[in-house]
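Next come the chains, spelled out residue by residue.
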Amino acid sequence: MTVPGVVAAVLVTAGVLVVVCAAVAGVLFRRLYLRLHVLTPISSVGAQLIGLGLAVTNGWSLTTATDLLVVAVVTVTGPALGAALGRLAAQHDGLVPEDPPA
């Protein structure tokens, strides 16, 4: 196996390990807020490691650009989506007001 192949395998394996561990932790917790907290490594670490591993495997091509674009979108939107879901759940539970003060 070549050096880029080993690097790609290590990156993808680490990313998959992060995703699996976060998913198992998400199943173990019952409260939504804790689940949201433990699932954030998927969008902040796991996706990036997997995307980099795919980029190393594919080399520079249109496929790599597409992979990196998807990783960039997940990186940018993941935290905002988590915060929005947390706020929506808090509003549903009555912990924050429906309409913020103007």
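Structure shown above.
What you see is a predicted model, and the numbers here were worked out from it, not measured in a lab.

1. Structural notes on the overall build of the protein
Along its length, the protein carries 3 helices and 0 strands. A compact globule built from 102 residues would reach a C-alpha radius of gyration of about 13 Å, whereas the protein, at 17 Å, exceeds it by more than 25%. Seen through its principal axes, the protein has C-alpha atoms that stretch 55 × 35 × 15 Å. Each of the 102 residues in the protein was classed as buried or not, and the buried ones make up 21%. Separation between the mean location of the 4 positive side-chain charges and that of the 4 negative ones in the protein comes to 13 Å.

2. Considering the packing of helix H1 (residues 3-28) against helix H2 (residues 32-58)
Axis separation between H1 and H2 bottoms out at 8 Å; the angle between their running directions is 165 degrees. Between H1 and H2, the interaxial angle falls into the category roughly antiparallel. For the pair H1 and H2, the crossing hand works out as left-handed.

3. Examining the side chain of Gln 91
Relative to the elements of secondary structure, Gln 91 occurs in helix H3 (residues 62-93). Excluding residues within four positions of it along the chain, Gln 91 makes contact with Val 96, Pro 97 and Glu 98.

4. Structural notes on the side chain of Ser 43
Here Ser 43 shows up in helix H2. Looking at Ser 43, the relative accessible area reads 15%, which means it is buried. When near neighbours in sequence (up to four residues on either side) are disregarded, Ser 43 contacts Gln 48, Val 74, Thr 75 and Gly 78.

5. A word on the environment of Phe 29
Its location among the elements puts Phe 29 in the loop between H1 and H2. Through-space distance from the C-alpha of Phe 29 to that of Gln 91 is 20 Å; in sequence the pair is 62 residues apart.

6. Considering the layout of surface pockets
Estimated volume of the largest pocket: approximately 150 Å³. Those elements that place two or more of their residues in the lining of the largest pocket are H2 and H3. Residue composition of the lining of the largest pocket, by class: 6 nonpolar, 4 polar and no charged.

7. Focus: H3
With 32 residues, H3 should cover 46 Å at 1.5 Å per step; its first-to-last C-alpha distance of 45 Å lies within 8% of that length. The largest bend along H3 reaches roughly 35 degrees and is located at Thr 77, with the proline Pro 79 sitting one to four residues downstream. Along H3, the positions that sit buried rather than exposed are Thr 64, Asp 67, Val 71, Gly 86, Ala 89, Ala 90 and Gln 91. Each element contacted by the buried residues of H3 is listed here: H2.

8. Quick notes on H2
Along its 27 residues, H2 runs 38 Å from first to last C-alpha, staying within 8% of the 39 Å computed at 1.5 Å per residue. Where H2 bends most, the angle comes to about 35 degrees, and this point is Gly 46. Lining the buried residues of H2 we find H1 and H3. Once H2 ends, the next one or two residues include Gly 59, with phi positive near 75 degrees.

Basis of the calculations
- Residues numbered from 1 in each chain as written.
- Predicted model: local features only at pLDDT ≥ 70, side-chain atom pairs only at ≥ 80, totals over all residues.
- Heavy atoms only, no water.
- Helix = DSSP H or I, 4+ residues; strand = E, 2+ residues; numbered from the N terminus.
- Rg over C-alpha atoms; globule rule 2.2 N^0.38 Å.
- Buried < 20%, exposed > 50% of the residue type's maximum accessible area, 1.4 Å probe, protein only.
- Lys, Arg positive; Asp, Glu negative; His and termini not counted.
- Charge placed at Lys NZ, Arg CZ, Asp CG, Glu CD.
- Axes fitted to C-alpha atoms, helices over the stretch in contact; angles between N-to-C directions.
- Parallel < 35°, antiparallel > 145°, perpendicular 65-115°, else oblique.
- Left-handed = near helix turned anticlockwise from the far one by under 90°.
- Contact = heavy atoms within 4.5 Å.
- 1 Å grid on protein atoms, 1.4 Å probe; cavity = no way out; pocket = protein on both sides within 12 Å on 5 of 7 lines; lining within 4 Å.
- Points joined across faces, edges and corners; volume = space filled by probe spheres on them.
- Nonpolar A, V, L, I, M, F, W, Y, C, P; charged D, E, K, R; others polar.
- Expected span 1.5 Å × (residues − 1).
- Bend = angle between axes of the 7 residues up to and from the residue.

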